[in-house]
Structure formats: structure tokens, C-alpha cells
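The residues making up each chain are set out below.
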Amino acid sequence: MWAEAKELWNYRMLLFSMVDRELKIRYKNSFLGFFWSMINPLITVTVLTVVFKYLARNEVPNYSAYILAAYLPYMFFQMAIMDSAQSVLSNLSLIKKIYFPREILPLAAVVGNFIHFLLAMVVFFVYLLIIAVFSHDFSVFQWSSVYLPLLLVINFLLAAGLGLLFSALNTFYEDVKYLVGIALYLNFFLSPIMYFGEITYYGHSYKLYFLYHLNPIAEMSEAYRKVLLAPQPVVIKDFPKPMPALPLDWTLLWICAAFSVAVFFLGYHVFNRMKWRFVERP
Amino acid sequence: MGEPAIHVKDLQKEFVLTHTGAASIKTALLWWKRKRIEHLHVLKGISFDVYPGQCLGVVGRNGAGKSTLLSLIARIYKPTSGVVEVRGRLAPLLELGAGFHPDLNGLQNIYINATILGLRKQQIDERLDQIIAFSELKNHIDAPVRTFSSGMAARLGFAVAVHVDAEVLLMDEVLAVGDFAFKKKCAGKIAELREQGKTILIVSHGSDEVRKIADRCIWLQHGEIKLDGGPDEVLDAYLKQSVNTFETTENL
């Protein structure tokens with residue numbers, strides 16, 4: 001693996017230019033081009049605000065911010081994995097003609113989406129700033145946001161590991177991308193993105209809360225929300241008043257981090273084992 | 001003669017054909033026991049060395065293993081056994097413009113292609129004018145490559161490949177691209193590269209172009225080297241046998 005990593009390092013310029021290619025191709029024939037990566041979260045914010053604040057009359061202040069904090073990382077995760085799973089297969093004609101480390105293809109897909117995600121996070125902070133200015137209350141900004149880079153690294157490693165793994169498998173079994181698509185779609189509902197993870201604790205037990213958050217997507221959703229935003233009391237059925245939010249569970253986060261690192265190495269290992277057979281695909 | 005630029009030793013390549021075309025889990029599950037596995041022994045242990053400045057022609061009939069040999073040297077395949085070593089930067093011209101993305105313009109594709117071939121951005125900047133001038137596509141360089149004709153794409157591909165200062169060039173019948181004038185220009189460029197001491201390996205069905213530019217020839221037959229020598233000697237023997245085979249089949 002280290003020999004392969006060294007080879008990849010020698011080809012780092014190609015990785016950058018492939019990422020550049022990804023970014024250019026995505027909005028190739030659109031008028032607004034790169035702004036689309038900001039417009040998507042902007043539209044999401046607007047719709048969420050209208051629905052939850054004005055239609056559903058949700059009592060939680062800035063509810064859309066809480067959803068967005070978990071939704072944007074999920075979107076990155078989904079896009080990165082779906083794009084990278086497809087990357088080797090769609091570039092098969094290229095790798096049949098010329099040598100370069102094949103892992104550049106899925107990695108470029110992940111890095112390209114990561115850049116879009118970072119732009120979306122900029123939109124998120126601008127949104128928080130607008131809320132703060134209009135309400136004259138700057139408490140929406142949390143000191144715990146300094147942990148954001150840690151979450152980004154964990155998230156990136158997990159996406160890259162799964163992207164490498166699925167792109168290699170998908171080259172031989174195209175069912176993989178459909179299975180992954182379903183798994184990601186279900187995870188949108190199985191993870192606390194449109195609701196708060198505390199319902200598993202107050203509604204059931206800490207044991208369930210723990211098990212539920214062993215799912216890395218669930219844990220990442222919770223972690224982003226708790227790191228970026230103020231603790232938000234949660235309305236639970238059968239409870240007379242909103243219950244306090246739980247603090248960020250560091251044990252769960254470190255489990256998720258260790259899992260992500262393991263997945264990254266596993267994905268890279270599997271990819272390296274399979275990558276020479278891509279061009280000999282039946 | 002020093003170190004060889006291309007070192008090939010006991011090279012074998014075997015492809016496994018499953019005949020199921022297993023590209024889905026369903027077929028894999030359905031066929032896992034009755035797999036009809038066929039081993040295709042394309043290269044059966046070949047050895048040769050090409051020294052810096054040499055131009056080696058490889059001839060042989062369809063299915064003799066020529067393209068597989070090129071792909072092995074270009075590191076697209078991994079050998080089943082044996083050794084392939086290339087000293088210095090390698091530019092494969094297996095299919096010109098293969099690395100181009102149709103939706104990016106000519107300029108962007110030059111940068112990506114040259115990066116794949118191992119140049120840094122600054123080096124590409126320096127060579128950009130030469131590449132564009134050689135391709136004769138100055139007026140189209142800002143247009144997406146999908147609007148190019150196949151000849152134009154091939155010209156751009158050739159222009160990039162010959163300007164990356166590769167020590168070793170691999171070519172697969174590429175002289176058959178473009179119009180007569182461009183062909184002549186390519187031949188001139190190849191001659192120039194030869195004078196600069198670059199190593200060239202060219203694969204062909206046995207055309208006269210090989211006779212002109214190669215100074216050594218290998219005849220591949222059924223994955224083995226049938227003859228290795230001067231281009232005239234090898235090509236004459238090869239063409240003679242081809243004609244004989246043709247006549248024998250005619251008479252049947």
C-alpha cells in the first residue's frame with residue numbers, strides 16, 4: 001500500500017487537474033456555472049424556512065439551520081459516493097489507453113464534491129450571520145465550531161474509503177451502485193437529519209441512542225449539528241416540556257473516526273487489489 | 001550499448017475469459033458453478049531489449065499479441081509473469097486523443113493530457129504555443145473537443161504526445177491519421193525525435209512506413225517472436241508468408 005501511496009503522491013498534479021476537470025464538467029453548459037453549488041443550499045434553506053417556520057409553525061427557533069447543519073454533510077456524502085462509484089466505469093476507455101494511478105478517478109470525484117461541500121458550508125455560515133444580524137443575537141455562533149475541521153477530516157476519509165471500495169466493486173458488478181443508492185437513501189431517514197437524535201434517548205434508552213449512533217452517517221449528522229449550533233431542547237411525545245439536548249458524545253465520535261480511518265484503509269486496499277483487473281473487465 | 005530503454009524478459013500474458021460477461025451480481029450467482037473459463041495465452045514468453053535511440057517495429061497479424069505487448073509496456077496491463085521495464089518518461093500514442101474529454105475545450109484538454117503524461121503546469125505553459133502550432137488548431141482551441149472531427153482530435157493528441165519530451169514513444173499505427181500533409185509532418189517529427197535519440201516502438205500490420213523509420217523489426221506470431229532482425233529482412237519474410245497463407249486459403 002505504501003508503494004502505491006508514493007506513486008499517487010508523484011501523480012498529485014494529475015489529481016488536482018482531474019478535480020479541476022470534475023468541477024468544470026459539472027456545470028459545463030450552464031449559465032450560472034459554479035454558483036450552482038451555492039444556489040442549491042440557498043434554495044434548500046429558503047424552502048426549509050418557509051415550510052417549517054410558516055407552514056408547520058414549528059416552535060424551534062432557526063429550525064432550518066438545524067436541518068441544514070446535518071443535511072449539507074449528508075448531501076456531500078451521497079454525491080461523493082455516487083459519483084466515485086461510477087468514476088472508474090465511466091473512464092474505462094481512458095484507463096485502457098494510458099497509465100496513471102487508477103485511484104485518482106474516485107479520489108477526484110470525492111475531492112470535487114468536497115469542494116462543493118465547503119462552498120455550501122460558506123453559504124451556511126452566511127445564513128447564520130444573516131440570522132444573527134436580524135435578531136441582534138450572535139449566540140447562533142458556537143465556540144465549538146472549532147471542531148469543524150475534525151469532522152470534515154473524518155467525513156472525507158469515510159467518503160473516500162467507501163468511494164474507493166464501491167468504485168472498484170462497481171466496475172465488475174454494476175448492481176453495486178444501485179445497492180449503494182438504496183442504502184444512502186434509507187440512511188437519509190435512518191439518520192437524524194430531518195429530526196433530532198435525542199428522540200432515541202428520551203423515547204427509549206441510552207443503549208438505543210448508542211446503537212443508533214454507531215451508524216457513521218447518524219453520528220456525523222449529530223456531530224455537525226452539535227458542533228455548529230447551540231443546544232436545542234427537543235420536543236418529545238408524552239413529555240410535558242421540551243427536553244434538553246444531549247452534549248456531543250465524544251466516545252461515539254471517536255468510534256466513528258476510528259471506523260472511518262479503517263474504512264479508508266480497507267477501501268484503498270481492496271481498490272489496489274482489484275485495480276489491475278479493471279481493464280480486463282469481461 | 002548501455003542500459004536498455006525498454007527491457008522485456010520472458011513476458012507472458014494470459015487473459016481469463018469467463019464467457020458469462022459477469023457484470024452483475026445476478027449473473028455471478030447464477031453462473032458461479034458452471035463458469036466456462038477459457039485461458040487466452042496471448043503472449044507466450046517473449047524477451048527483447050530496445051536501446052536508447054533505436055526504433056523498433058513490431059509486425060504481425062491480427063491477434064498476434066502486438067497491441068497486448070504495447071499495453072504491457074505502457075503499464076495498462078500487469079504481466080502474468082516476466083518483466084517489463086521502461087527507463088525514462090513514456091508517451092503512449094495508442095489511440096490519439098483517447099484522454100480527451102468531449103465537453104472541455106482544446107486548451108483544457110491539452111493541460112489534462114499533458115499532466116497525465118507527466119508534465120507540470122509550468123512545463124505545459126512553456127510548450128503550449130508549440131503544441132497549438134503543431135496541431136494547426138489555433139482557431140478551434142477554445143471550442144469543446146466534441147465539436148472536433150476525429151482527424152482534428154488525433155492531431156491534437158499527436159501534438160501533445162510528441163511535445164512532452166518523453167524518452168520512449170509507443171505508437172500503434174498512428175501514422176494512419178490525418179490528411180497527407182499532416183502525415184508527412186508526423187513522419188518528419190518522428191524522424192526529428194529519432195535524431196534526438198528518443199526510443200520508438202511502433203506496431204503495424206507491415207506497412208512501408210515501418211520499413212522507412214524502423215531500424216530493427218520483430219515479427220510476432222501466436223504470441224511468440226518468430227523473427228528479430230533488420231526491417232527489410234523481417235518485413236520481406238513476413239509479407240512473403242502472409243501472401244502464401246492468403247494463397248493457400250484461396251486454393252482451399
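Note that the coordinates shown come from a computational prediction; the quantities given were computed from them, not determined experimentally.

So, how was this worked out
Residues numbered from 1 in each chain as written. Chains lettered and ligands numbered in written order. Predicted model: local features only at pLDDT ≥ 70, side-chain atom pairs only at ≥ 80, totals over all residues. Helix = DSSP H or I, 4+ residues; strand = E, 2+ residues; numbered from the N terminus. Buried ≥ 20, exposed ≤ 12 C-beta atoms within 10 Å, placed from the backbone. Contact = placed C-beta atoms within 7 Å. Pairing = 2+ DSSP bridges. Core = buried A, V, L, I, M, F, W, Y, C linked by C-beta atoms within 7 Å. Axes fitted to C-alpha atoms, helices over the stretch in contact; angles between N-to-C directions. Parallel < 35°, antiparallel > 145°, perpendicular 65-115°, else oblique. Left-handed = near helix turned anticlockwise from the far one by under 90°. Nonpolar A, V, L, I, M, F, W, Y, C, P; charged D, E, K, R; others polar. pLDDT = per-residue confidence, 0-100.

> How would you summarise the overall build of chain B if you had to cite specific residues and measurements?
Along its length, chain B carries 8 helices and 9 strands. Within chain B, buried positions represent 39% of all 252 residues. By sequence separation, contacts in chain B at least 24 residues apart represent 73% of the contacts at least 6 residues apart.

> Please provide a residue-by-residue account of the pairing of strand β1 (residues 6–17) of chain B, values included.
Residues and elements named next belong to chain B. Sheet topology places β1 next to strand β2 (residues 38–50); 10 bridges connect them, and they run antiparallel. When the sheet's bridge partners are listed, Lys-13 is paired in β2 with Leu-43. Note: β1 against strand β4 (residues 81–86), 5 bridges, orientation antiparallel. Each residue of the ladder has a partner; that of His-7, found in β4, is Glu-85.

> Break down helix α2 (residues 66–73) of chain B for me, citing the residues and quoting the values.
Residue and element names in this part refer to chain B. In terms of burial, α2 is largely enclosed, as 7 of its 8 residues are buried. Every buried residue belonging to α2 is among Lys-66, Thr-68, Leu-69, Leu-70, Ser-71, Leu-72 and Ile-73, and all of these are buried. Directly beyond the C-terminal end of α2, a positive phi value near 65° is found at Arg-75.

> Tell me about the nonpolar core, and please be specific about residues and values.
Soluble globular proteins tend to pack their nonpolar side chains together in the buried interior. Counting residues in hydrophobic clusters, the biggest one holds 138 residues, and the most contacted among them are Leu72(A), Ala108(A), Ala159(A), Ile73(B), Leu170(B) and Leu201(B). Looking at this core element by element, the count peaks at 15 residues for helix α4 (residues 63–90) of chain A. Discounting chain neighbours no more than four positions away, the residues touching Leu72(A) are Pro41(A), Phe117(A), Ala120(A), Met121(A) and Phe124(A).

> An account of the pairing of strand β9 (residues 224–229) of chain B is needed here, citing residue identities and associated values.
Residue and element names in this part refer to chain B. Of the strand pairs in this sheet, strand β8 (residues 216–221) and β9 are connected by 5 bridges, and their pairing is antiparallel. What sits directly across from Ile-218, in β9, is Asp-228. Hairpin connection, β8 to β9: the antiparallel pair is bridged by 2 residues, and His-222 has positive phi, about 50°.

> Go over unusual backbone geometry with me, naming the residues and quoting the values.
All names here are of chain B. Of note in this structure, Arg-75 is not a glycine but carries a positive phi near 65°. Note that Arg-75 resides in the loop between α2 and β4. The exposure class assigned to Arg-75 is partly exposed, which follows from the 16 C-beta atoms found within 10 Å. In this structure, Glu-136 takes a positive phi of about 60° despite not being glycine. Among the structural elements, Glu-136 can be located in the loop between α4 (121–135) and α5 (150–162).

> Give me the sheet that holds strand β7 (residues 199–204) of chain B: which residues, what numbers.
All names here are of chain B. Read from one edge of the open sheet, 6 strands run β5-β6-β7-β3-β8-β9, paired in mixed fashion. Every other strand in the sheet has two partners, leaving β5 (90–93) and β9 as the edge strands with one partner each. Sheet twist, expressed as the average angle between the axes of neighbouring strands with direction ignored, equals 15°. When strand β6 (residues 168–172) meets β7, the two strands line up parallel, connected through 5 bridges. Looking at the pairing, Asp-172 lines up with Val-203 of β7.

> Before we move on, can you summarise the sheet that holds β1(B) with the specific residues and values?
Residue and element names in this part refer to chain B. Spatial ordering of the open sheet is given by β2-β1-β4, a layout of 3 strands whose pairing is antiparallel. Across the chains shown, the open sheet's two edge strands, defined by having one partner strand only, are β2 and β4. With direction set aside, neighbouring strand axes in the sheet form an average angle of 30°. In the packing of α2 onto the sheet, contacts are made with β1, β2 and β4, and the angle to β1 comes to roughly 115°.

> Now, about the packing of helix α7 (residues 148–172) of chain A against helix α12 (residues 250–274) of chain A: what can you tell me, with residues and values included?
Any two packed helices are characterised by how steeply their axes cross, that is the angle between the axes, and by the distance between the axes. Residues and elements named next belong to chain A. Packing of α7 against α12 brings their axes to within 7 Å, and their N-to-C directions diverge by 30°. If you check the angle between α7 and α12, you find them roughly parallel. Judged by the twist between their axes, the crossing of α7 over α12 is left-handed. Counting all contacts with α7, which are made through Ile-154, Leu-157, Leu-158, Ala-160, Gly-161, Leu-162, Leu-164, Leu-165 and Ala-168, the residues of α12 involved are Cys-256, Ala-257, Ser-260, Val-261, Val-263, Phe-264, Leu-266, Gly-267, Tyr-268, Val-270, Phe-271 and Met-274. Here the contact of α7 with α12 is built from residues that sort into 18 nonpolar, 3 polar and no charged.

> How would you sum up the packing of helix α2 (residues 12–26) of chain A against helix α3 (residues 106–116) of chain B? Please name residues and give values.
Here α2(A) crosses α3(B) at 150°, and the two axes come no closer than 9 Å. Judged by the angle between their axes, α2(A) and α3(B) are roughly antiparallel. Pair α2(A) / α3(B) crosses with left-handed handedness. Residues Met13(A), Leu14(A), Ser17(A), Arg21(A) and Lys24(A) of α2(A) form the contact with α3(B), whose own contacting residues are Gln108(B), Tyr111(B), Ile112(B), Thr115(B) and Ile116(B). Taken together, the residues that form the contact of α2(A) with α3(B) break down as 5 nonpolar, 3 polar and 2 charged.

> Just give me the short version of the confidence of the model for chain B, but keep the residues and values in it.
Per-residue pLDDT for chain B has a mean of 83; in total, 84% of the residues score no lower than 70. Reported confidence for the predicted complex is 0.81 by ipTM and 0.87 by pTM.

> Explain the environment of Gly161(A) to me, and be specific about the residues and the numbers.
Residue and element names in this part refer to chain A. Its place among the elements puts Gly-161 in helix α7. In this structure, the C-alpha to C-alpha distance between Gly-161 and Leu-107, residues 54 residues apart in sequence, is 9.1 Å. Leaving out residues up to four positions away in the same chain, Gly-161 has contacts with Ser-260, Val-263, Phe-264, Leu-266 and Gly-267.

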